[in-house]
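One letter stands for each residue in the lines below.
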Amino acid sequence: MILITGASGQLASLVVDRVREAGLSIETASRSPDADRPMNFDEPDTLDFAGISTLFLLSAGYAEDDVVIRRHGRVITAALRQGVKHVVYTSLSAASDHLGFALAHRWTERALIESGLTFTILRNGLYAELIGMLAAPRDGRITVPFGTAPIAAVARADLADAAFKVLSNPEAHAGVTYELSGVAPFSVPELAQRLDVSYESSSLQYERKRLSKLPLLPFQAPMLLSISSTAMAGFLNCGVSDLEKLVSKPRDALSVACDAARQHSS
Ligand SMILES: NC(=O)c1ccc[n+]([C@@H]2O[C@H](COP(=O)([O-])OP(=O)(O)OC[C@H]3O[C@@H](n4cnc5c(N)ncnc54)[C@H](OP(=O)(O)O)[C@@H]3O)[C@@H](O)[C@H]2O)c1
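1. Concerning empty space enclosed by the protein
To locate leftover empty space, one rolls a probe as large as a water molecule over the atoms.
Working step 1: Overall, the coordinates contain two cavities of 30 Å³ or more when judged by the stated rule.
Working step 2: Empty space within the largest cavity amounts to approximately 50 Å³.
Working step 3: Lining the largest cavity, in full, are Ser93, Ala95, Ser96, Gly125, Leu126, Ile151, Ala152, Ala153, Ser181 and Leu236.
Working step 4: Considering only residue class, the lining of the largest cavity consists of six nonpolar, four polar and no charged.
Working step 5: In this structure, the second largest cavity encloses a volume near 40 Å³.

The structure is reproduced here in structure tokens:
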């Protein structure tokens, strides 16, 4: 039996749809009471993996590093104790190493590898939807300080397709780490051109001030700012991607980002 955690989230719900459509036998776990197994990684008593051979461990949300590390550590310990064989983990691409939220992913990869569990690591690139949302035009122009370098963003739907491929035959992907950045990187100037708006990159200092005025949790501003710094320095264009090993025809990430940008423009 396969268990998919985080089943009500945007990525995991796409994975659930695909495996269900294919008729695979799965159960869902989520903080939502509608799940087959109501589960919250912050509540150790809910970590029920009885009868599960393959666990799709959806990285657990947006929080401080110590919180995420504690969540994932608990899951790995409970999975080991309860006889799970294989964990498929949604991590973050190597190109994202400079991002503020990469550390908890790298910690989890190491914990999984050292656990003795069979693992498959899906190192997801930044979502095209996220880049589009962050770069959404405000008053008809884009000002986010993302520089001009290409960003190897990837559609969530492609990452769900990749996860589905692995879950269809987990043994074939045992011990493999896949780099799943986008295969057609695009820059914010290209995004602006496609949206027919201007792009005037602001400074990191301006962006920091802007973020400080938004109703964000304390860890969120530095996390978001790290996306700007990394994009501006040109580190989000990854030369290596295994996406086409798992997804035959990746979607046009720029179009996906444009749709998200239109949806979030103000
Ligand atoms: N590649 C990227 O661009 C990128 C960017 C940001 C974050 N991420 C990571 O990718 C994950 C999936 O992205 P998404 O867009 O699908 O996120 P999302 O729609 O915001 O959903 C958050 C996910 O985290 C799970 N979660 C949160 N707190 C949890 C807890 N205490 N215990 C168990 N699960 C918990 C949620 O599960 P339930 O609500 O079902 O319980 C849900 O699946 C995120 O959680 C984050 O770790 C990736």
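Read on for the rest.
2. Some remarks on the environment of Ser8
Working step 1: Relative to the elements of secondary structure, Ser8 occurs in the loop between β1 (2-4) and α1 (10-21).
Working step 2: Put simply, Ser8 and Arg31 are 23 residues apart on the chain and 8.0 Å apart in space, counted from C-alpha to C-alpha.
Working step 3: Setting aside chain neighbours within four positions, we find Ser8 in contact with Ser30 and Ser32.
Working step 4: Among the polar contacts made by the side chain of Ser8, one reaches the side chain of Ser30 at a distance of 3.4 Å.

3. Regarding the pairing of strand β6 (residues 118-124)
Working step 1: Counting buried residues along β6, six of its seven residues qualify, which places the element largely inside the surrounding structure.
Working step 2: Looking at chain direction, strand β5 (residues 86-92) and β6 are connected through seven bridges and run parallel. From the neighbouring strand, Thr90 faces β6, where its bridge partner is Leu122.
Working step 3: As for the winding sense of the linkage, the β-α-β connection from β5 through helix α3 (residues 102-115) to β6 is right-handed.

4. Observations regarding unusual backbone geometry
As a rule of thumb, non-glycine residues mostly have phi less than zero, and peptide bonds are mostly trans rather than cis.
Working step 1: In this model, Asp139 sits at a positive phi of 50 degrees, which is unusual for a non-glycine residue.
Working step 2: In this fold, Asp139 is placed in the loop between α4 (128-134) and β7 (141-142).
Working step 3: Residues other than glycine seldom take positive phi values, yet Asp196 does so here, at roughly 60 degrees.
Working step 4: Residue placement: Asp196 occurs in the loop between α6 (188-195) and β9 (198-199).

5. Some remarks on the packing of helix α2 (residues 65-81) against α3
Think of two packed helices as two axes; the pair is described by the angle between the axes and how far apart they sit.
Working step 1: One can describe the packing of α2 onto α3 by two numbers: an axis separation of 9 Å at closest approach and a directional angle of 20 degrees. One element, α2, and the other, α3, form an angle in the roughly parallel class. Handedness of the crossing formed by α2 with α3: right-handed. Contact with α2, carried on its side by Asp65, Val68, Ile69, His72, Gly73, Ile76 and Leu80, involves Leu103, Ala104, Trp107, Thr108, Ala111, Leu112 and Ser115 of α3 and no other residues of that element.
Working step 2: Its residues assigned to classes, the contact of α2 with α3 comprises nine nonpolar, four polar and one charged.

6. Some words on the site of the ligand
Working step 1: Contacts to the ligand come from 23 residues, most closely from Gly6, Ser8, Leu11, Ser30 and Ser59.
Working step 2: Taking Ser8, its side chain carries an N or O atom lying 2.7 Å from an oxygen atom of the ligand.
Working step 3: A distance of 2.7 Å is found between an oxygen atom of the ligand and a backbone nitrogen or oxygen belonging to Ser59.
Working step 4: Bound to the protein, the ligand loses 91% of the 890 Å² it would expose on its own.

How each quantity is defined
Residues numbered from 1 in each chain as written. Predicted model: local features only at pLDDT ≥ 70, side-chain atom pairs only at ≥ 80, totals over all residues. Heavy atoms only, no water. 1 Å grid on protein atoms, 1.4 Å probe; cavity = no way out; pocket = protein on both sides within 12 Å on 5 of 7 lines; lining within 4 Å. Points joined across faces, edges and corners; volume = space filled by probe spheres on them. Nonpolar A, V, L, I, M, F, W, Y, C, P; charged D, E, K, R; others polar. Helix = DSSP H or I, 4+ residues; strand = E, 2+ residues; numbered from the N terminus. Contact = heavy atoms within 4.5 Å. Polar contact = N/O pair within 3.5 Å; in protein donor to acceptor, adjacent residues only side chain to side chain. Buried < 20%, exposed > 50% of the residue type's maximum accessible area, 1.4 Å probe, protein only. Pairing = 2+ DSSP bridges. Right-handed = clockwise from strand over helix to strand, strands pointing away. Axes fitted to C-alpha atoms, helices over the stretch in contact; angles between N-to-C directions. Parallel < 35°, antiparallel > 145°, perpendicular 65-115°, else oblique. Left-handed = near helix turned anticlockwise from the far one by under 90°. Near = heavy atom within 4 Å. Areas by Shrake-Rupley, 256 points an atom, 1.4 Å probe, with all protein chains shown as cover.

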